Amino acid sequence: MPKPELIDRYNRRLTYLRISITDRCNLRCLYCVPRDAIPKLRHTEVLRYEEILRLIRIGVCLGISKIRITGGEPLVRKGFDAFLSELNQIEGLADLSLTTNGVLLEDHIEKIRFAGIRRINVSLDTLNRKKYEQITGHDSFEKVWKGIRLAQDMGFDPIKINVVALNGINDDDLADLAELTFSYPFHIRFIEYMPIGNACLTCNRHLPADEIKTRIRCLGNLTPVKKEAYDGPADRYQLEGAKGEIGFISAISQHFCHRCNRLRLTASGHLRPCLLSDFQVDLKGPLRKGCLDSELVNLFLKTAHCKPYQHGLSMEHPTGVSGQMHAIGG
Ligand code: SAM
């Protein structure tokens, strides 16, 4: 019998699993959290670490080779470092990384390094302290920046800085962020705002990648960077003379669904084949009823089979997805 693999109906091999280990977050970013009160999962509703590890081992047997830990904010969950250490010991994983808002990075960077993580993404949408507070609801810019610099000093590489570009909010900060690449080897990744769930922002905040490029053109020409094996969806570029890189994630204006290789595991134990579709498969229920690994394998395969060819979200039809970004993990 050939080994089952996560290949969807359109022949895409799904090798990348993004895992949200908590729905809780210590920031309230305008583009992420809902307008209304945030419903929180009860502790018992959140997958336990040993449950996540079991699911990861199954995923790896099915061909998952790349994992990103996200949230909510992953660093607010107790015991994340021991979990990361265990995860790092699973054979067959070629790439393991973490996405954080960076507020607790300085406090935990040693533990993260000790757990074997060397690649991090930090969300930072502006270099202006006041603006940071306006976007995130917290005056934590200095903490995040210190965390990033410390990570650099400790040899984390690459350090990717995720910037959600927001028309009329941080569009005048985008060139400053891109300019960082002249002084630091950071990868600045401009992400198009995705209006999903019951987010606080309206669609006119969306800034397409072409428009972002126009905003940073004053810094010089963007030369494309060659793609690498574990590249994500970003189109990568470099400014002449820069140490770092600039990437654009144009999920709406030029979606990259045809090359999407991702599955997402939510903190509540649901496997989602597409960030921008509400379809999900419950793994926690069967897992807690004591199901066999073979049953979980079938649920992984079913999820892969149901991966849509492409998402249907557009600025003309923005309300198609009710899931919240903070709950899914981005
Ligand atoms: N708390 C962590 C953080 O802030 O990086 C991890 C979770 S966050 C949901 C993961 C990523 O999703 C972040 O880089 C964030 O900027 C991005 N994100 C959240 N809401 C978004 C939205 N509506 N559109 C585009 N990106 C979004």
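In case you missed it, the structure is sitting above this.
Before going into details, it helps to say that this report is about the structure given with it.

Basis of the calculations
Residues numbered from 1 in each chain as written. Predicted model: local features only at pLDDT ≥ 70, side-chain atom pairs only at ≥ 80, totals over all residues. Heavy atoms only, no water. Near = heavy atom within 4 Å. Polar contact = N/O pair within 3.5 Å; in protein donor to acceptor, adjacent residues only side chain to side chain. Areas by Shrake-Rupley, 256 points an atom, 1.4 Å probe, with all protein chains shown as cover. Helix = DSSP H or I, 4+ residues; strand = E, 2+ residues; numbered from the N terminus. Buried < 20%, exposed > 50% of the residue type's maximum accessible area, 1.4 Å probe, protein only. Arc of directions from axis to C-beta. Contact = heavy atoms within 4.5 Å. Phe/Tyr/Trp six-rings, centres within 6.5 Å; stacked < 30°, edge-to-face > 60°. Pairing = 2+ DSSP bridges. Axes fitted to C-alpha atoms, helices over the stretch in contact; angles between N-to-C directions.

## Some details on the site of the ligand
Then, in step 1: Around the ligand, a shell composed of 19 residues is seen, among which Tyr 31, Gly 72, Ser 123, Asn 162 and Met 194 lie nearest.
Then, in step 2: The separation between a nitrogen atom of the ligand and a polar side-chain atom of Glu 73 is 3.0 Å.
Then, in step 3: Contact between the ligand and Ser 123: an oxygen atom at 2.6 Å from a side-chain N or O atom of the residue.
Then, in step 4: In the complex, 95% of the free accessible area of the ligand, which totals 540 Å², lies under the protein chains.
Then, in step 5: Every element with two or more residues in the shell around the ligand is listed here: β3 (95-100), β5 (159-165) and β6 (187-192).

## Focus: helix α2 (residues 80-88)
Then, in step 1: Listed in full, the buried residues belonging to α2 are Phe 80, Phe 83, Leu 84 and Leu 87. Summarising the axial view, the buried residues of α2 lie within an arc of 100°, below the 170-degree limit, and thus occupy one face.
Then, in step 2: Looking at the packing, one finds that the buried side of α2 touches α1 (49-61), β2 (66-70), β3 and α3 (105-114).

## What about the packing of aromatic side chains?
Then, in step 1: Tallied over the entire structure, the rule returns eight aromatic pairs.
Then, in step 2: Centroid distance Trp 145 to Tyr 184: 5.6 Å. Interplanar angle 85°. Geometry classified as edge-to-face. In this pair, Trp 145 is assigned in helix α5 (residues 141-153) and Tyr 184 in the loop between α6 (174-183) and β6, connecting sequence segments 39 residues apart.
Then, in step 3: When its relative accessible area of 16% is taken as the criterion, Tyr 184 is described as buried.
Then, in step 4: A centroid spacing of 4.9 Å and a plane angle of 0° characterise the contact between Tyr 184 and Phe 186, whose relative ring orientation is stacked.

## Brief notes about unusual backbone geometry
Then, in step 1: Asp 157 connects to Pro 158 through a cis peptide bond whose omega is 0°.
Then, in step 2: Looking at the element boundaries, Pro 158 is found in the loop between α5 and β5.

## Describing the sheet that holds strand β11 (residues 270-272)
Then, in step 1: If you walk across this open sheet you meet the twelve strands as β7-β8-β9-β6-β5-β4-β3-β2-β1-β10-β11-β12, and the pairing is mixed. Because the sheet does not close on itself, it has two edges, and the strands there are β7 (222-224) and β12 (281-282).
Then, in step 2: Sheet analysis places strand β10 (residues 262-265) next to β11, joined by two bridges and oriented antiparallel. For Arg 264, the partnering residue across the bridge sits in β11 and is Arg 272.
Then, in step 3: Strands in contact with α2 are β2 and β3; relative to β2, the strand with the most contacts, it is inclined by about 175°.

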